[in-house]
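These are the residues of each chain, in order.
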Amino acid sequence: MKDFEQDYPDFRAAPHYEHGDEAPSNRSANPTMYDVIAARASRRGFLVGGLAAIATGVFGAGLTPRGALASTTGLLGFAPVPLSKEDTVVVPAGYKVQILAPWGAPLTGDMPAFVPGGNTGAEQGMQVGMHHDGMHFYGIDGSSTDGLLVFNHEYIEPRFLHAAAWKGQALDGDMVVFAADGSRDADEVLKEMNAHGVSVARIRRGADGQWAIVADPMNRRITALTDMAFSGPVAGSAHLITRFSPDGTRSRGTLNNCAYGATPWNTYMTAEENWAGYFVNADAEMPRAHKRYGVSAEESRYGWEKAAGGADETMRFNAAATGNSAAADYRNEPNTFGYMVEIDPFDPASVPVKRTHLGRFAHEGVVFAPAVAGKPVVCYSGDDSRFEYIYKFVSAAPYDPATADGTLLDTGTLYVARFNEDGSGDWLALAPGENGLTPENGFADLADILVNTRAAADQAGATKMDRPEWGTVDPNTGEVYFTLTNNNRRDMTQVDAVNPRAENNFGQIVRWKYDAADHTRTAFRWELFVIAGTARTSLTFKDEVLNDDNIFACPDGIWCDPNSRLWIQTDMGDIGPDQSGPLEPFGMNQMLAADPATGEIRRFLTGPWGQEITGVIATPDGTTMFVNVQHPGAHGSPEDFAAGKFGSGFPDYNGTVPRSATLVISREDGGVIGA
Ligand code: FEO
Ligand code: CA
Ligand code: CA
Ligand code: CA
């Protein structure tokens, strides 16, 4: 077993490190349930009986692989595709793929054409951003051939963004280039800010069956510079006072937009995930609202605060207390990130709103339970970092389809999950006076609790998870699924029933349900849907092991479609064809489909070199599916970049820089995807 910090003094050297990951920052002394796990005879025998076996790598050795295709209800109608080490996209026989909306595609304003690695900062602000992630399709009047595709741009690969200017230099995917005086080129910083955020694109299927972006007044780029408003308990509080907004009600931009949520009232919510790394705070005493989220005392990820000229919108990434009050500097700027941000995609003039009652952490995304008229609105959100938590929000006011809007998310209760060893679970309220959240314990009021959501969850005694990523709710059963992508830092003393594997390289998927499918309840029942891995290290809830048709690792994106087909996407980090180590058996990142009732899983798609597969949604009729390919070529070495070799040819395959893009997947016979 590896001791994470001992073996990887630089966390960036750890397996499946992803560019843009934050350093682990949960130093709380919360119990890990190792004490109680021994007492758990078993709800399902494998959870306890398998602990030592999983940790020592022989899990499954005593089982007869029954094959995950043994039981079927016919929900999955395609032939599985094999593992791949090719620099291409592979889908099942009878399916076809089109590329749509790659990074740099013209979208708004002057519609500037893409110049590989050579556009200006202003031009990037009118083009599709970089590193596509979560997305949703809003059919116009329910259309399945005409709608708004809204998609996130999680982060950037600076060497590809500026490939023309940085040609010939030995750079990896994290590095930026500074001038001799230590400053950054101002237009390069502008381009980086404009490559972040969200794209809203009107897309339409032509008579030839091909989809295209069409020029439209609703097309929009939201970036790291877009004006935003706050709502909910933190809005207007002292935590948000900055030189830009002395009354703490406004801010600029959204960052590291990972997964998303579609609200019951048809707006889009974008998640702010690994935002802490964009800041630096060298003050002797870093506040917990920075430290507990991993803000660096040494350097910011891209050095935006060093942009030449010292413009206000760039220097705000220095979060040190340099002025004589909060209204004179940007000591609170990190407090303005870490939220779920609501966007009305149909109103290009609307101001995005950061909904603070959903908590402040590394939000992967948000997923809503089916809204029921007369009942509160319920949504779930994971905090993707090692040993962080899963949260749920329950609105105070009931849902009324005629009047519902985002203000429902401003008043209610935020909870954090505790997964008990017997398969039960409890939602712990993060509210004043509840679960030890008192002034005596350092939580002054609700705004203080929400700005310091992680610290509040520590105090409440939540279960530390193996990096919660996406969630989804089965619309037909109400069961909630969350991916727990991996956690190679968990050791044998820290395993528990829901995170049962030490040095967890492969991840697992948990699901839970409520009595009467009532998502407002504080008690639930959970089980592990699948422990991912090879045939020797995997297990489904049916006590079956995975096989050549479905082995996978590091589940991340997940979406249950209207027919209850469960789509699972993987993010093993920057995986290339020469990958070695524990992730080598899994080929390139992939997407699979599962049957929630039988546990059957089939591999549907494999992607090109260096990328992850993330983001999945279909048209209302289910015949077109949109899937994103993010960070192709990211595994490429600095030496290769210097030599003009970019790690992957996707999607242009013409020797220019690789680009994130959306895959449009359809069937030759026009049928429903996956059926
Ligand atoms: Fe942005 Fe946790 O993936
Ligand atoms: Ca990733
Ligand atoms: Ca993700
Ligand atoms: Ca991930």
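Values in this document were obtained by computation on a predicted structure and should not be read as measured data.

Now for the coordination of the calcium ion (ligand 3). Within the protein, the calcium ion (ligand 3) binds to Glu364 (OE), Glu469 (OE), Asp556 (OD) and Asp556 (OD); these donor distances fall in the range 2.3 to 2.8 Å. Counting along the primary sequence, the residues that act as donors to the calcium ion (ligand 3) give the motif E-x104-E-x86-D. Between the calcium ion (ligand 3) and the calcium ion (ligand 2), a spacing of 5.2 Å is present. In this pair, Glu364 sits in the loop between strand S12 (353-355) and strand S13 (367-368) while Glu469 sits in strand S20 (residues 468-473), placing the two residues 105 residues apart along the sequence. The buried category is assigned to Glu469, whose relative accessible area is 2%.

A separate point is the pattern of salt bridges. Under the criterion given, the structure shown has 33 salt bridges. The salt bridge involving Arg454 is made with Glu388; its shortest N-O contact spans 3.7 Å. You can see Arg454 sitting in helix H10 (residues 453-460) and its partner Glu388 sitting in strand S15 (residues 386-388), a full 66 residues away along the chain. The same class applies to Arg454 and to Glu388, which are both buried. Residues Asp466 and Arg490 are paired through a salt bridge, measuring 2.5 Å at the closest nitrogen-oxygen approach. Of this pair, Asp466 sits in strand S19 (residues 465-466) while Arg490 sits in the loop between strand S21 (480-484) and strand S22 (508-513), placing them 24 residues apart in sequence. Under the relative-accessibility criterion, Asp466 is labelled buried at 0%.

In total, this model carries 37 aromatic pairs according to the counting rule given. Their ring planes at 55° and their centres at 5.7 Å tell us that Phe279 and Phe337 sit as a pair that is tilted. With Phe279 in the loop between strand S10 (268-272) and helix H7 (288-291) and Phe337 in the loop between helix H8 (312-315) and strand S11 (340-343), the pair connects residues that are 58 residues apart, well separated along the chain. For Phe337, a relative accessible area of 0% translates into the label buried. Look at Phe529 and Phe541: their rings are 5.4 Å apart centre to centre, the planes differ by 25°, and that puts the pair in the stacked class. You can see Phe529 sitting in strand S23 (residues 523-531) and its partner Phe541 sitting in the loop between strand S24 (539-540) and strand S25 (555-560), a full twelve residues away along the chain. Ring pairing ties together the aromatic residues Tyr380, Phe419, Trp427, Phe482, Trp512, Tyr514, Phe524 and Trp526, which thus form one cluster.

Judged by pairing direction, the sheet is antiparallel, and its four strands sit side by side in the order S1-S31-S30-S29 without closing on themselves. Edge positions in the sheet fall to strand S1 (95-100) and strand S29 (612-618), since each has one partner strand and no second. Between one strand axis and the next, the sheet turns through 25° on average, direction left out of account. Pairing analysis gives six bridges linking S1 to strand S31 (residues 661-667), with the strands arranged antiparallel. Across the sheet, Leu100 pairs through a bridge with Thr662, a residue of S31.

Here the focus is the pairing of strand S17 (residues 412-419). Note that strand S16 (residues 390-398) and S17 share five bridges and pair antiparallel. Paired with Phe393 across the two strands is Leu414, which belongs to S17. Inspection of the sheet shows S17 paired to strand S18 (residues 424-429) by five bridges, in the antiparallel sense. Among the inter-strand pairings, Ala417 is bridged to a residue of S18, identified as Trp427. Connecting S17 to the next strand, S18, in antiparallel fashion are four residues, including Gly423 with a positive phi near 90°.

Attention now moves to the sheet that holds strand S7 (residues 227-231). Here we have six strands laid out as an open sheet, ordered S8-S7-S12-S11-S10-S9, and mixed in their pairing. With partners counted over all chains shown, the strands left at the sheet margins are strand S8 (250-252) and strand S9 (257-262), one partner each. On average, each strand axis in the sheet is tilted by 35° relative to the strand beside it, whichever way the strands run. As defined by bridge partners, S7 adjoins S12 across three bridges and the pair is classed as parallel. The residue bridging Phe230 from the neighbouring strand is Lys354, located in S12.

H10 sits mainly inside the fold: seven of its eight residues count as buried. Residues of H10 that are buried: Thr453, Arg454, Ala455, Ala456, Ala457, Asp458 and Ala460. Next to the buried residues of H10 lie H7, S15, S16, S17, S18 and helix H9 (446-451). Of the residues one or two after H10, Gly461 is the one with positive phi, at around 90°.

Its location among the elements puts Arg292 in the loop between H7 and H8. Here the side chain of Arg292 touches Glu388 through a polar contact of 2.8 Å, side chain to side chain. Only 2.9 Å separates the side chain of Arg292 from the side chain of Asp458, close enough to count as a polar contact. For Arg292, the contacting residues outside a window of four places in its chain are Ser25, Asn26, Glu388, Tyr389, Arg454, Ala455 and Asp458.

This part takes up the confidence of the model for the protein. Chain-level pLDDT for the protein is 92 on average; 90% of the residues reach the 70-or-more range. Long-range and interchain partners of residues 1-8, a stretch whose pLDDT sits below 50, account for 18 contacts in this model, where long-range means more than four residues apart. Every residue in residues 31-70 scores below 50 in pLDDT, and together they form 83 contacts with partners more than four places removed in sequence or on other chains.

Moving on, we come to the environment of Arg204. Relative to the helices and strands, Arg204 resides in strand S4 (residues 197-205). Sequence separation between Arg204 and Thr145 is 59 residues; the distance between their C-alpha atoms is 5.5 Å. Filtering out sequence-adjacent residues up to four positions away, Arg204 remains in contact with Thr145, Asp146, Gln210, Trp211, Ala212 and Val214.

Most of S9 is tucked away: five of the six residues are buried. When S9 meets S10, the two strands line up antiparallel, connected through four bridges. In the sheet register, Gly261 faces S10, and the bridge partner there is Met269. In sequence, S9 turns back onto S10 through a hairpin of five residues, with Asn266 there showing a positive phi of about 70°.

The omega angle of the peptide bond from Phe650 to Pro651 is -5°, so this bond is cis rather than trans. When you line up the elements, Pro651 lands in the loop between helix H11 (638-642) and S31. Of note, the phi angle at Met111 is positive, near 50°, even though the residue is not glycine. Structurally, the position occupied by Met111 is in the loop between S1 and helix H4 (121-124). According to the relative accessible area criterion, Met111 is partly exposed, its value standing at 30%. At Cys554, a position not held by glycine, the phi torsion is positive, near 65°. When you line up the elements, Cys554 lands in the loop between S24 and S25.

A complete count under the given rule lists zero disulfides for this structure. A disulfide-free cysteine, Cys554 has its sulfur positioned 14 Å from the sulfur of Cys258, the nearest such atom. A relative accessible area of 0% means that Cys554 is categorised as buried. Cysteine Cys560 shares no disulfide, and the gap to the nearest cysteine sulfur, in Cys379, comes to 18 Å.

The rules behind the values
Residues numbered from 1 in each chain as written. Chains lettered and ligands numbered in written order. Predicted model: local features only at pLDDT ≥ 70, side-chain atom pairs only at ≥ 80, totals over all residues. Heavy atoms only, no water. Donors = N, O, S within 2.8 Å, 3.2 Å for Na, K, Ca; no water. Helix = DSSP H or I, 4+ residues; strand = E, 2+ residues; numbered from the N terminus. Buried < 20%, exposed > 50% of the residue type's maximum accessible area, 1.4 Å probe, protein only. Salt bridge = Lys/Arg side-chain N within 4 Å of Asp/Glu carboxyl O. Phe/Tyr/Trp six-rings, centres within 6.5 Å; stacked < 30°, edge-to-face > 60°. Pairing = 2+ DSSP bridges. Axes fitted to C-alpha atoms, helices over the stretch in contact; angles between N-to-C directions. Contact = heavy atoms within 4.5 Å. Polar contact = N/O pair within 3.5 Å; in protein donor to acceptor, adjacent residues only side chain to side chain. pLDDT = per-residue confidence, 0-100. Disulfide = S-S within 2.5 Å.

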